[in-house]
Amino acid sequence: MALKTSFASVLRALRHKRDISRRDFADTTSRTYLSKLELGKSSITLDKLDQISRRLDLSPLTLLMLTLSEDTGKPPSELLSKLKIEIAELQQDDGLPGLLITPEMLCRRRPQFKRAGSGRERNSMQTELAFLE
């Protein structure tokens, strides 16, 4: 399955699960663009991924993980285990040259954004990558 098609399926399913109409995304993106994403006719940028995931009250990593799970047929837990191993391997020795990421940052819990009026706040594991100049 193509990633665009997998992302489209995940986006549609999450939007329906959250009971969010396309019109409710007006502050995030146009209904036309959202429709193209849900039909697999458009690719998403990182900025739009961030905006849409915020509107869905999810981490962009969750959207990506669910998309890869849909695409590969592997459970998110298996993909997450692989991700942890890959990051740990990249952290060996001197870490990632040019990035300010440390093993401690991988374990730090950071509050996830709170959508106005949602009345709930959740935590998520997120890593910030900062490029050195």
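Read on for an overview of the structure. What you see is a predicted model; the values in this text were computed from it and never measured.

### Side note on the overall build of the protein chain
Right, so step 1: Helix and strand counts for the protein chain stand at six helices and two strands.
Right, so step 2: Sequence-ordered secondary structure for the protein chain, helices as α and strands as β, is α-α-α-α-α-α-β-β.
Right, so step 3: Buried positions account for 31% of the 133 residues belonging to the protein chain.
Right, so step 4: For the protein chain, the proportion of contacts with a sequence separation of at least 24, taken over those separated by at least 6, is 51%.
Right, so step 5: As presented, the protein chain carries roughly 8,900 Å² of accessible surface, and 54% of it is formed by carbon and sulfur atoms.

### Some remarks on the pattern of salt bridges
Right, so step 1: If you walk through the whole model with that rule in mind, you get four salt bridges.
Right, so step 2: For Glu38, the salt bridge is made with Arg15, and the minimal N-O distance between the two is 2.5 Å. Of this pair, Glu38 sits in helix 2 (residues 31–38) while Arg15 sits in helix 1 (residues 3–17), and the two are 23 residues apart along the sequence.
Right, so step 3: Given a relative accessible area of 1%, Glu38 falls into the buried group.
Right, so step 4: Residue Arg15 is classed as buried on the basis of its relative accessible area, which comes to 7%.
Right, so step 5: The residue Asp50 makes a salt bridge to Arg54 at a minimum N-O spacing of 3.2 Å. With Asp50 and Arg54 both in helix 3 (residues 46–55), this residue pair falls four residues apart, about one helical turn.
Right, so step 6: Each of Arg15, Arg22 and Glu38 takes part in one network of salt bridges that share partners.

### Re unusual backbone geometry
Most peptide bonds are trans, and most residues other than glycine sit at a negative phi.
Right, so step 1: Backbone geometry places Asp19, a non-glycine residue, at a positive phi of 55°.
Right, so step 2: Its location among the elements puts Asp19 in the loop between helix 1 and helix 2.
Right, so step 3: In the Ramachandran plot, Asp57 falls in the positive-phi region, its phi being about 60° despite a non-glycine side chain.
Right, so step 4: Mapped onto the secondary structure, Asp57 falls in the loop between helix 3 and helix 4 (60–72).

### A look at helix 2
Three or four residues apart is the spacing at which side chains of an α-helix point the same way, because the helix has 3.6 residues per turn.
Right, so step 1: Turning to helix 2, its buried residues are Tyr33, Leu34, Ser35, Leu37 and Glu38.
Right, so step 2: One or two steps after helix 2, the chain reaches Gly40, where phi turns positive at roughly 70°.

### Here we look at the nonpolar core
If you look at soluble globular proteins, the nonpolar side chains tend to sit buried side by side.
Right, so step 1: The biggest cluster of nonpolar side chains holds 14 residues, and the ones touching the most others in it are Leu11, Ile52, Leu56 and Leu63.
Right, so step 2: Elements supplying a minimum of two residues to this core: helix 1, helix 2 and helix 3.
Right, so step 3: Every residue in contact with Leu56, bar those within four places of it in the chain, is listed here: Leu11, Leu14, Arg15, Arg18, Ile20, Phe25 and Leu63.

Analysis parameters
Residues numbered from 1 in each chain as written. Predicted model: local features only at pLDDT ≥ 70, side-chain atom pairs only at ≥ 80, totals over all residues. Heavy atoms only, no water. Helix = DSSP H or I, 4+ residues; strand = E, 2+ residues; numbered from the N terminus. Buried < 20%, exposed > 50% of the residue type's maximum accessible area, 1.4 Å probe, protein only. Contact = heavy atoms within 4.5 Å. Areas by Shrake-Rupley, 256 points an atom, 1.4 Å probe, with all protein chains shown as cover. Salt bridge = Lys/Arg side-chain N within 4 Å of Asp/Glu carboxyl O. Core = buried A, V, L, I, M, F, W, Y, C linked by side-chain atoms within 4.5 Å.

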